[in-house]
There are 2 protein chains.
Amino acid sequence: MIFYDYFRSSAGYRVRIALNLKNIVAQRHAVSLINNANHHADYMALNPQGFVPLLIDGDGDDKFQLTQSMAIIEYLEERFPTPALLPRTIRERATARALALMLACDVHPLNNKRILDYLSEPLKLDKEAKAAWTNKWISDGLRAFEVQLSKLSVTAFCMGDAPGIADIFLIPQIASAQRFSVDVSAYPRCMAVYTEAMQHPAFDAAQPAKQTDAS
Amino acid sequence: MIFYDYFRSSAGYRVRIALNLKNIVAQRHAVSLINNANHHADYMALNPQGFVPLLIDGDGDDKFQLTQSMAIIEYLEERFPTPALLPRTIRERATARALALMLACDVHPLNNKRILDYLSEPLKLDKEAKAAWTNKWISDGLRAFEVQLSKLSVTAFCMGDAPGIADIFLIPQIASAQRFSVDVSAYPRCMAVYTEAMQHPAFDAAQPAKQTDAS
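Residues numbered from 1 in each chain as written. Chains lettered and ligands numbered in written order. Predicted model: local features only at pLDDT ≥ 70, side-chain atom pairs only at ≥ 80, totals over all residues. Heavy atoms only, no water.

### Observations regarding the overall build of chain A
No. 1: On a plain count of helices and strands, chain A comes out with nine helices and four strands.
No. 2: Against the 2.2 N^0.38 benchmark of 17 Å for 215 residues, chain A shows a C-alpha radius of gyration of 17 Å, consistent with a compact globule.
No. 3: Principal axes of the C-alpha set define a box for chain A whose edges measure 45 × 45 × 30 Å.
No. 4: Every one of the 215 residues in chain A was classed for burial, and the buried ones make up 57%.
No. 5: Contacts in chain A between residues far apart in sequence, at least 24 positions, make up 64% of those at least 6 positions apart.
No. 6: Per element, the accessible surface of chain A, about 9000 Å² overall, is 52% carbon and sulfur.
No. 7: Separation of charge centres in chain A, based on 22 positive and 23 negative side chains, amounts to 4 Å. (Helix = DSSP H or I, 4+ residues; strand = E, 2+ residues; numbered from the N terminus. Rg over C-alpha atoms; globule rule 2.2 N^0.38 Å. Buried < 20%, exposed > 50% of the residue type's maximum accessible area, 1.4 Å probe, protein only. Contact = heavy atoms within 4.5 Å. Areas by Shrake-Rupley, 256 points an atom, 1.4 Å probe, with all protein chains shown as cover. Lys, Arg positive; Asp, Glu negative; His and termini not counted. Charge placed at Lys NZ, Arg CZ, Asp CG, Glu CD.)

Pasting the structure below:
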């Protein structure tokens, strides 16, 4: 299995955690978003969105290419069911997916590199206006996530004692919030899960700073 | 089953199609986003994101509330497996999810009402700059979607002869593109699927203009 990634990508971070939790050894290829390596023709041929992560499973005639972190994690879950990243009951599975999607759809895509680049050029937003933008969408998302957590029986992780898909999406989003200097003190349930996760080897080893391409 | 929706919501449109395809009769409650009904305290208590769609299944002690269109559709799929909205093989399921997520994550959230409102105020973008914004992200997304479709054996629908989750996400996105006056002629595969889907009663009945709250 081959996995294209960039150390600072939140979406890549999610897949790194999932691979670690399932003890899947994948050959990691770093694609430098800062150097625009993701827009080279050879990479665009693999992923026409020009994004990481990208997973390649099998080779030759059996080669299968897959984009989108949520689709990759659902694929890993179906292909390697144990340990499970989704809960057992239909309702709990739905709740876990909804938590992940709150961040995957309504927070992260608003603050990734292509959007921040567009805010600079052509929109010519200054540093403060860009900070207000990232702060607004991250804070709105984490506030709603915190409310949803308050309705659940969160123990160590979002959905109970074991880490799962909601945690896989939350932890990179908290790391991103901290990088953007968003005040995370208003989200104590989220931060308790973050603190717990950072003690877990699968999350710890997936951290951006611990990747070979980290700078 | 109760379903909170707004006729012009692309995410609501997806769930309407899914409910129709599975012949599930849900009681539809219209929430006017244009009147900010989604930000009233009683609705925010149901969905702290203040978004539609929201699904409520069961009642009393058995009541289950679920947000996020993708999570709702996966829930409907697990709860009412026939007719299936996801393909049978693990790889095809992953491909279908990735197509849906390309639009769910990287196109739609950039162009919904809260973002367009923010572009107006505080960012004070004029009509042309807002049109350039929506055109950019919709075009980038549909271009990549078109490339991915070119790698598949598209017949009537994205993944074959029967409609499924990729079509459920594509059709509302095409409708949104047309509403924003995006030139869709560069995406003939997407448009062929759109034309096919519009002949299908489940998609036809889910159209924004055919909802009771359409104005």
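Back to the text.
### Some points on the relation of the copies chain A and chain B
No. 1: For the match of chain A to chain B, the screw axis carries a shift of 0.0 Å, the RMSD comes to 0.0 Å, and the turn is 180 degrees. Considering both components of the superposition, the chain copies are consistent with a two-fold axis. Every residue of chain A has its C-alpha some distance from the rotation axis, and the shortest such distance is that of A:Cys105, at 2.2 Å.
No. 2: Taken as a fraction of all interface residues of chain A, those also at the interface in chain B reach 100%, which identifies the copy contact as same-surface. (Least-squares fit on C-alpha atoms with pLDDT ≥ 70 in both.)

### Structural notes on the sheet that holds strand β3 (residues 54-57) of chain B
Residues and elements named next belong to chain B.
No. 1: The strand order β2-β1-β3-β4 describes an open sheet built from four strands, whose pairing is mixed. A single partner strand is all that each edge strand has here, and the edge strands are β2 (27-30) and β4 (64-67). Taking each pair of neighbouring strands and ignoring which way they run, the sheet shows an average axis angle of 20 degrees.
No. 2: Judged from the four bridges that link them, β3 and β4 form a sheet pairing that is antiparallel. Paired with Leu54 across the strands is Thr67, a residue of β4. (Pairing = 2+ DSSP bridges. Axes fitted to C-alpha atoms, helices over the stretch in contact; angles between N-to-C directions.)

### So, the interface of chain A and chain B
As a measure of interface size, the accessible area lost when the parts come together is often cited.
No. 1: Taken together, the 47 residues of chain A in the interface contact 47 residues of chain B.
No. 2: At the boundary of chain A with chain B, total buried surface from both sides reaches about 4300 Å², with 64% on carbon and sulfur atoms.
No. 3: Contact with chain B buries area across many residues of chain A, yet A:Glu78, A:Arg91 and A:Tyr118 alone supply 15% of it, more than any other trio.
No. 4: Inspection of the region where chain A meets chain B yields eight salt bridges.
No. 5: We note a salt bridge from B:Glu74 to A:Arg97, for which the minimum N-O separation is 3.8 Å.
No. 6: For the pair chain A and chain B, the interface holds twelve residue pairs in polar contact (both at pLDDT 80 or more).
No. 7: Every element with two or more residues in the side of chain A that touches chain B is listed here: α2 (41-46), β4 (64-67), α3 (69-79), α4 (90-106), α5 (113-120) and α6 (127-150) of chain A.
No. 8: At twelve residues, α4(A) tops the list of elements feeding residues into the side of chain A that touches chain B. (Buried area = accessible area lost by both parts, 1.4 Å probe. Salt bridge = Lys/Arg side-chain N within 4 Å of Asp/Glu carboxyl O. Polar contact = N/O pair within 3.5 Å; in protein donor to acceptor, adjacent residues only side chain to side chain.)

### As for the side chain of A:Gln49
No. 1: Relative to the assigned elements, A:Gln49 resides in the loop between α2 and β3 (54-57).
No. 2: Apart from residues lying up to four places away in sequence, A:Gln49 is in contact with A:Met44, A:Gln68, B:Met102, B:Asp106 and B:Ala144.

### What about unusual backbone geometry?
No. 1: The step from A:Val52 to A:Pro53 runs through a cis peptide bond, and the omega angle for that step is 0 degrees.
No. 2: Checked against the element boundaries, A:Pro53 lands in the loop between α2 and β3.
No. 3: With an omega dihedral of -10 degrees, the bond running from B:Thr82 to B:Pro83 counts as a cis peptide bond.
No. 4: Topologically, B:Pro83 is positioned in the loop between α3 (69-79) and α4 (90-106).
No. 5: One non-glycine residue, A:Gln68, lies in the positive phi region at around 75 degrees.

### Section: the environment of A:Arg93
No. 1: Secondary-structure assignment places A:Arg93 in helix α4.
No. 2: Apart from the residues lying within four places of it in its own chain, the contact partners of A:Arg93 are A:Leu86, A:Pro87, A:Arg88 and B:Glu78.

Scope: geometric values only; no functional claims are made or implied.
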